[in-house]
Amino acid sequence: MTTAIGIHDLSLATTHYVLEHAALAEAQGTDGAKYRSGIGQEAMSIPALDEDIVTLAASAAAPILARHGRAEPSTVLLATESGVDQSKSAGLYLHSLLDLPRCTRMVELKQACYAATAALQFAVGLVARDPAQQILVIATDIARYDLDTPAEATQGAGAVAFLVAADPAIAALDPVSGLYSDDVNDFWRPNYRGTPIVDGKLSVHAYLTATEHAFAHYRSGGGRDLDRFAAFCYHQPFTEMAYKAHRHLLESQGEVATREALAEKLAPTTHYNRVIGNSYTASLYLALASVLDHGGDLTGKPVAMLSYGSGAVAEFFSAVPVPGYRRQLRTTDNRQTIDARKPVGYHRYRELYHAYSALGKGGDRTLPVETGAPFRLAAIDGHQRIYEAR
Ligand code: CAA
């Protein structure tokens, strides 16, 4: 019998601040129901000035290393859309922040929101070659759009770290994957821009098309039928996107999708994304964390995963929670991490947004202590990012 490979541990992190969508709607003169039920969002995580994708990644990964040991991961695969350097892997900052051994392979992966799923599959390949290896995958992103655009309400930030190993303690991955790629300009960010260019309606359409094709490829490879899944984790740029995608998928298979039927399979997957907002690469894995924490006993019950990254790549795959998986979860810590965020009002949010944009333009800065997280960006000095652990 081949050994199962999958997710052995999983931990999440988010930012110091949170902006409620009700506050955003009031300041914009928008009906709050558009955000609450139209896109399915209640709040979005907002970074303090001394937070970035590196500090989020370190905060997500530290509990995993504390539980399993710093020496365990032979490779760290960091996936992000919002990297801090065009050459150096953000993971290398983690190397010193988390005191990782020198004999570690570190690399950063990019394909919009999809890259963490590529990282997961690469990790599975490494473990298949040597089942003694454990691979740390970190999905970390800060989603920022231009202010006063329709996309502004779909910002957010977060990181999910997970350990990929043989004989996993949380969920075994099924070997079948359904793939889809297409060259489409629905969302992209040229090197000279701090925010993406996005065609919102095209991006929704591209996501739906990709979902249908990735599932068809998954089925053609021997994957399970839709009625075999206990839950469906979708990439959630906003949580209503999961409902749109699942309705589209069911209808493409000739099935009728009532709101109740959709909610039964999707609602447990949306608890974290609904209050964190889009976290690009991390979003799908926040959906997984949410269903593991809120979906009842899923032991032996397949969970579908749909990864989408604009541009566009999609992958449909599945995982099966293993006996005893609930003992490995960090449900209380996850809730505390989210509840610990400090609310900001609309004006402070705008100030933070502009200060963050200015920081991205270069120049030396010492940053005042703002975040309560265990890792922070202390300064930018001579084009070098200086981090500190507390
Ligand atoms: N009460 C209740 N619902 C309301 C409402 C009200 N008062 N007013 C509007 N709504 C509903 C609308 O009917 C609509 O629902 P449907 O989609 O079911 O028709 C929903 O709220 C959104 O309203 P609009 O269509 O008017 O939305 P918008 O023009 O403000 O833009 C958006 C929505 C295109 C998603 C925009 O937020 C955006 O561009 N976001 C960024 C791109 C994005 O997230 N794309 C998702 C797919 S791409 C991807 O997944 C990759 C990624 O992470 C970026």
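All values derive from a computational prediction rather than experimental measurement.

J.: Any chance you could break down helix α1 (residues 21-28) for me, citing the residues and the numbers?
T.: For α1, the full list of buried residues reads His21, Leu24 and Ala25. With its buried residues spanning 95° around the axis, α1 presents them on a single face. Set apart from the buried face of α1 by more than 90 degrees, the exposed residues are Ala22 and Glu26. On the buried face of α1, the contacting elements are β2 (17-20), α2 (32-39), β3 (43-46) and α12 (346-359). Gly29 sits one or two positions beyond α1 and adopts a positive phi of about 70°.

J.: Kindly report on the pattern of salt bridges, identifying the contributing residues and their values.
T.: Scanning the model with the defined rule gives 15 salt bridges in all. Asp9 is the partner of Arg67 in a salt bridge, and the nearest nitrogen-oxygen pair spans 3.0 Å. One end of the pair, Arg67, is in helix α3 (residues 53-68); the other, Asp9, is in strand β1 (residues 5-13), and 58 residues separate them in sequence. The class for Arg67 is partly exposed, based on a relative accessible area of 36%. Judged by relative accessible area, which is 0%, Asp9 ranks as buried. Taking the shortest distance from any N to any O, the salt bridge between Arg376 and Glu388 comes out at 2.9 Å. With Arg376 in strand β17 (residues 375-381) and Glu388 in strand β18 (residues 384-389), the pair connects residues that are twelve residues apart, well separated along the chain. A residue is classified by how much of its surface remains accessible, and Arg376, at 3% relative accessible area, is buried. A single network of salt bridges, built from pairs that share partners, joins Asp9, Arg67 and Arg330.

J.: Let's hear about the packing of helix α7 (residues 239-252) against helix α8 (residues 259-266): which residues, and what values?
T.: Where α7 contacts α8, the axes come no closer than 10 Å and their chain directions differ by 115°. Read as a crossing pair, α7 and α8 show a hand that is right-handed. Between α7, through Glu240, Ala242, Tyr243, His246, Arg247 and Leu250, and α8, the contact on the second element is made entirely by Arg259, Leu262, Ala263, Lys265 and Leu266. Of the residues in the contact of α7 with α8, the class split is six nonpolar, one polar and four charged.

J.: Give me the sheet that holds β18: which residues, what numbers.
T.: One open sheet accounts for three strands, arranged β16-β17-β18; its pairing is antiparallel. The open sheet has two edge strands with one neighbour each: β16 (365-366) and β18. Here β16 runs beside β17; their pairing, made up of two bridges, is antiparallel. Its bridge partner being in β17, Thr366 is matched across the sheet by Ala379. With respect to the sheet, α3 is in contact with β17 and β18, its orientation differing from that of β17 by roughly 150°.

J.: Before we move on, can you summarise the packing of aromatic side chains with the specific residues and values?
T.: Per the stated rule, a full pass over the model turns up 14 aromatic pairs. For the pair Tyr346 and Tyr349, a centre-to-centre distance of 6.0 Å together with 45° between the ring planes defines the contact as tilted. With Tyr346 and Tyr349 both in helix α12 and three residues apart, this pair spans about one turn of that helix. By relative accessible area, Tyr346 is classed as buried at 15%. Put simply, the rings of Phe215, Tyr218, Phe229, Phe232, Tyr234 and Phe316 pair up and form one aromatic cluster. One residue, Arg144, lies across the ring of Tyr353, its end atom 4.2 Å from the ring centre. The positively charged end of Arg259 is found above the aromatic ring belonging to Tyr243, 3.9 Å away from the centroid.

J.: Tell me what's going on with the pairing of β18, and back it up with residues and numbers.
T.: Pairing analysis gives six bridges linking β17 to β18, with the strands arranged antiparallel. Bridge pairing in β18 places Asp381 opposite Gln384. Between β17 and the antiparallel strand that follows it, β18, lie two residues; Gly382 among them carries a positive phi value of about 60°.

Rules used in this analysis
- Residue numbers restart at each chain and count upward from 1, following the sequence in its written direction.
- Under the rules for a predicted model, residues below a pLDDT of 70 receive no local features and side-chain atom pairs below 80 are neither given nor counted, while totals for whole chains, interfaces and linings still include all residues.
- The basis for the side-chain values is all heavy atoms of the structure; hydrogens and waters are excluded.
- Each residue is placed in one exposure class: buried if its accessible area under a 1.4 Å probe, protein chains only, is under 20% of its type's maximum, exposed if it is over 50%, and partly exposed if it falls in between.
- A helix here means a DSSP run of H or I that spans at least four residues, while a strand means a run of E at least two residues long, and both kinds are numbered starting from the N terminus.
- What the arc describes is the spread of directions from the helix axis to the C-beta atoms.
- Contact definition: two residues touch when any of their heavy atoms are within 4.5 Å.
- When a carboxyl oxygen of Asp or Glu lies within 4 Å of a side-chain nitrogen of Lys or Arg, that pair is called a salt bridge.
- To define axes, lines are fitted to C-alpha atoms, for helices over the stretch in contact only, and angles between the resulting N-to-C directions are given on a 0 to 180 degree scale.
- A clockwise turn of the near helix away from the far one marks a right-handed crossing, whereas an anticlockwise turn of less than a right angle marks a left-handed crossing.
- The nonpolar class holds Ala, Val, Leu, Ile, Met, Phe, Trp, Tyr, Cys and Pro. Asp, Glu, Lys and Arg form the charged class, and all remaining residues, Gly among them, are polar.
- Strand pairing is assigned whenever DSSP identifies at least 2 bridges connecting the two strands.
- Ring geometry is summarised as follows: Phe, Tyr and Trp rings, the Trp one being its six-membered ring, pair when their centres sit within 6.5 Å, and such pairs are stacked at plane angles under 30 degrees, edge-to-face over 60 and tilted between the two.
- Remark: a charge is flagged as sitting over a ring if the NZ atom of Lys or the CZ atom of Arg is within 6 Å of the ring centre and within 35 degrees of the ring normal.

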